[in-house]
Amino acid sequence: DAGVTQSPTHLIKTRGQQVTLRCSPISGHKSVSWYQQVLGQGPQFIFQYYEKEERGRGNFPDRFSARQFPNYSSELNVNALLLGDSALYLCASSFLQGSEKLFFGSGTQLSVL
Amino acid sequence: AQSVSQHNHHVILSEAASLELGCNYSYGGTVNLFWYVQYPGQHLQLLLKYFSGDPLVKGIKGFEAEFIKSKFSFNLRKPSVQWSDTAEYFCAPLGHQLIWGAGTKLIIKP
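> Account for the overall build of chain A, naming residues and giving values.
Secondary structure summary: chain A contains 0 helices and 11 strands in total. Counted from the first residue to the last, chain A has its helices and strands arranged as β-β-β-β-β-β-β-β-β-β-β. Computed over the C-alpha atoms, the radius of gyration of chain A is 13 Å, within 12% of the 13 Å expected from 2.2 N^0.38 for a compact globule of 113 residues. Taken over the C-alpha atoms alone, chain A extends approximately 35 × 25 × 25 Å along its principal axes. Per-residue burial for chain A yields a buried fraction of 50% across its 113 residues. When contacts within chain A are restricted to residue pairs at least 6 apart in sequence, long-range pairs at least 24 apart make up 53% of them. Looking at chain A as shown, the accessible area adds up to about 5,400 Å², and 50% of this sits on carbon and sulfur atoms. Computed over 10 positive and 8 negative side-chain charges, the inter-centroid distance for chain A is 6 Å.

Put into structure tokens, the structure is as follows:
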């Protein structure tokens, strides 16, 4: 079975641009969470979606938005990119909203120049 | 902020040495804690978890962790490490507003 897949794997953008990151959860998983991991730090929660509804939001500005589609895949959008948005963006899926086990993708490495 | 913290950012051990990685949490209420591991070139994966019950939990590959409420700790242990344990280890809470540990890079010398 395929794991959590994320695309693209690497992305280079300039300040002020917009970016869309994509995530496909494990088949059958209905919950998708997004995390930002800055070098030298642990993953920081951004959003959780379950059954296409936002169920949790971390301490991130409104420039960050996300959505989940009927097939449970998800997109994370970041507008007006800043240098500080450079990070690894991780997607994790789980069967249920409060599931105790997250399955992570390999991430999208975003560099903002 | 309510968080977990890891104090050892880099640990280097020889094979067969014993391992203990520290994790402390700073929030009250229900405490659910995890250890995740990321092997070189691989995804983050769950190592073990504590929800309730026996404070000594066992995970994959011979790892265990003990939840000590009085010390606000959930340290990860392994009696004898192997070269293949080289990885980055994260202590993590269950709860979206809670902050993960910064991770510990563990290097095992053959």
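Here the narrative resumes.
> Give a description of the packing of aromatic side chains that names residues and reports values.
In this description, a pair of aromatic rings is defined by centroid distance and the angle of the planes. Scanning all chains against the criterion turns up 16 aromatic pairs over all chains. The interplanar angle of 50° and the centroid separation of 5.7 Å between the aromatic rings of Tyr35 of chain A and Phe104 of chain A together place this pair among those described as tilted. Of this pair, Tyr35 of chain A sits in strand E4 (residues 31-37) while Phe104 of chain A is found in strand E10 (residues 103-104), placing the two residues 69 residues apart along the sequence. Of the two residues examined, Tyr35 of chain A and Phe104 of chain A, each falls in the buried class. Plain terms: the ring middles of Tyr50 of chain B and Phe67 of chain B are 4.3 Å apart, the flat faces sit at 20° to each other, and that makes the pair stacked. Here Tyr50 of chain B is found in strand E6 (residues 44-50), whereas its partner Phe67 of chain B is found in strand E8 (residues 64-68), with 17 residues between them in sequence. You can call Phe67 of chain B buried: its relative accessible area is 10%. The rings of Tyr35, Phe45 and Phe104 of chain A together with Phe34, Tyr36, Phe51, Phe90 and Trp100 of chain B are connected pair by pair, giving a single aromatic cluster.

> How would you explain the state of the cysteines if you had to name every residue and give the values?
Scanning the entire structure with this criterion turns up 2 disulfides over all chains. With its sulfur 1.8 Å from that of its partner, Cys23 of chain A forms a disulfide with Cys91 of chain A. Residues Cys23 of chain A and Cys91 of chain A share a disulfide whose torsion about the S-S bond is about -65°; that sign makes it left-handed. Taken as a pair, Cys23 of chain A in strand E3 (residues 19-24) and Cys91 of chain A in strand E9 (residues 87-94) lie far apart in primary sequence, 68 residues in all. Taken individually, Cys23 of chain A and Cys91 of chain A each receive the classification buried, so the pair is uniform in this respect. There is a disulfide in this structure between Cys23 of chain B and Cys91 of chain B, and the S-S distance comes to 1.9 Å. Between Cys23 of chain B and Cys91 of chain B, the S-S dihedral sits near -60°, and the bridge is therefore left-handed. Residue Cys23 of chain B is found in the loop between strand E3 (19-21) and strand E4 (24-25), and its partner Cys91 of chain B is found in strand E10 (residues 87-93); the two are separated by 68 residues along the sequence.

> If you had to explain the environment of Lys52 of chain A to someone new, which residues and values would you point to?
Residues and elements named next belong to chain A. Within the secondary structure, Lys52 sits in the loop between strand E5 (44-50) and strand E6 (53-57). Owing to a relative accessible area of 38%, Lys52 belongs among the partly exposed residues under this scheme. Those residues in contact with Lys52 that sit more than four places away from it in its chain are Gln68, Phe69 and Pro70.

> Describe the nonpolar core, naming the residues involved and giving the relevant values.
If you look at the biggest cluster of nonpolar residues, it comprises 29 residues, and the most contacted ones within it are Leu33, Trp35, Leu48, Phe74, Leu76 and Tyr89 of chain B. Looking at this core, the elements with two or more residues in it are strand E2 (10-14), E3, strand E5 (33-38), E6, E8, strand E9 (73-78), E10 and strand E11 (104-109) of chain B. Among the nonpolar cores identified, the runner-up in size contains 22 residues, and Val4, Leu11, Phe47 and Ala66 of chain A belong to it.

> Any details on the interface of chain B and chain A? Residues and values, ideally.
On the chain A side, the residues contacting the 14 residues of chain B number 20 residues. A combined buried area of about 1,400 Å² lies between chain B and chain A, and 58% of that area is made up of carbon and sulfur atoms. Remark: the boundary between chain B and chain A carries 0 salt bridges. The interface formed by chain B and chain A holds 2 residue pairs in polar contact (both at pLDDT 80 or more) in total. At the level of secondary structure, the elements contributing two or more residues to the side of chain B that touches chain A comprise E5 and E6 of chain B.

Conventions used here
Residues numbered from 1 in each chain as written. Chains lettered and ligands numbered in written order. Predicted model: local features only at pLDDT ≥ 70, side-chain atom pairs only at ≥ 80, totals over all residues. Heavy atoms only, no water. Helix = DSSP H or I, 4+ residues; strand = E, 2+ residues; numbered from the N terminus. Rg over C-alpha atoms; globule rule 2.2 N^0.38 Å. Buried < 20%, exposed > 50% of the residue type's maximum accessible area, 1.4 Å probe, protein only. Contact = heavy atoms within 4.5 Å. Areas by Shrake-Rupley, 256 points an atom, 1.4 Å probe, with all protein chains shown as cover. Lys, Arg positive; Asp, Glu negative; His and termini not counted. Charge placed at Lys NZ, Arg CZ, Asp CG, Glu CD. Phe/Tyr/Trp six-rings, centres within 6.5 Å; stacked < 30°, edge-to-face > 60°. Disulfide = S-S within 2.5 Å. Core = buried A, V, L, I, M, F, W, Y, C linked by side-chain atoms within 4.5 Å. Buried area = accessible area lost by both parts, 1.4 Å probe. Salt bridge = Lys/Arg side-chain N within 4 Å of Asp/Glu carboxyl O. Polar contact = N/O pair within 3.5 Å; in protein donor to acceptor, adjacent residues only side chain to side chain.

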